[in-house]
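The chain contents come next:
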Amino acid sequence: MGESAWRLREEMAKKNKLAGCYRRVLVFLLVVVMIILVPSGYIYQRSGGSSGLRYWMAGHTINVIEDHFLNNHPDSLSADQIRSQFGRIREANSRREIDLNQLYQLLDGYQERFQNNKPSIDQATQFMRDLELTTLSSESIR
């Protein structure tokens, strides 16, 4: 009888140890999830939700395309013209006065066509004109 009681205590100790391990793992996972979700949720809300996130991503894409375009533009276009044009687009994007679908199509087309090539003068000029057309006038917003 003493031996069976000892085995019973031993089995109970193993079960308690295992239950404690599960509890510690669960608490650890909850803490990790909270550390990830709370700041992510805060940033998502501060950026304006899904709409704000799209404009934020568009802003970063504009920056990348501007850098590429500055490094590969034809000599007929000055770097100041390019910076000025992209600055206006960036400003329109920050005011949310831009057609995001049209902008994404234009920037995606630029990346596909000129990722490894330098655009010609005509292509660069057309790209700059098309870029300007992505901004919305204040009348179309109201």
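What you are looking at is a predicted structure, and each value in this text was computed from that prediction instead of being measured.

Visitor: Sorry, what's going on with the packing of helix α2 (residues 49-72) against helix α3 (residues 79-94) here?
Guide: The contact between α2 and α3 brings their axes to 10 Å, and the two run at 175°. The angle between α2 and α3 places the two elements in the roughly antiparallel class. Seen from α2, the contacting residues are Y55, A58, G59, I62, N63, I65, E66, F69 and L70; seen from α3, they are A79, I82, R83, F86, I89, R90 and N93. Of the residues contributing to the contact of α2 with α3, the split by class is 10 nonpolar, three polar and three charged.

Visitor: I keep staring at the pattern of salt bridges and nothing clicks. Help me out?
Guide: Pairing between side chains becomes possible if they bear opposite charge and their charged atoms approach one another. Going through the model one piece at a time under the given rule, you end up with five salt bridges. As a salt-bridge pair, E66 and R90 come within 2.1 Å of each other at their nearest N and O atoms. Of this pair, E66 sits in helix α2 while R90 sits in helix α3; the two residues are 24 residues apart in sequence, bridging distant segments of the chain. Among the residues examined, R90 registers a relative accessible area of 29% and is labelled partly exposed. Residues E91 and R95 are paired through a salt bridge, measuring 3.4 Å at the closest nitrogen-oxygen approach. Classification of E91 as partly exposed rests on a relative accessible area of 40%. By relative accessible area, which is 43% here, R95 ends up partly exposed. When salt bridges with common partners are traced through the structure, they connect E91, R95 and E97 into a single cluster.

Visitor: Hey, could you run me through the nonpolar core in this one?
Guide: Inside soluble globular proteins, nonpolar side chains tend to come together where they are buried. F69, I82, F86, L103, L107, F127 and L131 are the most contacted members of the largest nonpolar core, which has 21 residues in total. F69 has contacts with L77, I82, F86, Y110, P119, A124, F127 and M128, leaving out every residue within four places of it along the chain.

Visitor: Got a minute to help me understand unusual backbone geometry in this structure?
Guide: With the exception of glycine, the majority of residues adopt a negative phi angle, and the majority of peptide bonds are in the trans configuration. Positive phi values are uncommon outside glycine, yet R96 reaches one of about 60°. Along the chain, R96 turns up in the loop between α3 and α4 (100-114). Taking the relative accessible area as the measure of exposure, R96 reaches 37% and is therefore partly exposed.

Visitor: Can you walk me through α4 in this structure?
Guide: One full turn of an α-helix is made of 3.6 residues, so residues set three or four places apart face in the same direction. For α4, which comprises 15 residues, the first-to-last C-alpha distance of 21 Å matches the rise-based estimate of 21 Å (1.5 Å per residue) to within 8%. Here α4 has its buried residues at L100, L103, L106, L107, Y110 and F114. Along the axis of α4, the buried positions cluster into a sector of 130°, meaning they face one direction only. Exposed positions of α4 whose direction lies more than 90 degrees from the buried face are N101, Q105 and E112. The elements touched by buried residues of α4 are α2, α3 and α5 (121-133).

Analysis parameters
- Residues numbered from 1 in each chain as written.
- Predicted model: local features only at pLDDT ≥ 70, side-chain atom pairs only at ≥ 80, totals over all residues.
- Heavy atoms only, no water.
- Axes fitted to C-alpha atoms, helices over the stretch in contact; angles between N-to-C directions.
- Helix = DSSP H or I, 4+ residues; strand = E, 2+ residues; numbered from the N terminus.
- Parallel < 35°, antiparallel > 145°, perpendicular 65-115°, else oblique.
- Contact = heavy atoms within 4.5 Å.
- Nonpolar A, V, L, I, M, F, W, Y, C, P; charged D, E, K, R; others polar.
- Salt bridge = Lys/Arg side-chain N within 4 Å of Asp/Glu carboxyl O.
- Buried < 20%, exposed > 50% of the residue type's maximum accessible area, 1.4 Å probe, protein only.
- Core = buried A, V, L, I, M, F, W, Y, C linked by side-chain atoms within 4.5 Å.
- Expected span 1.5 Å × (residues − 1).
- Arc of directions from axis to C-beta.

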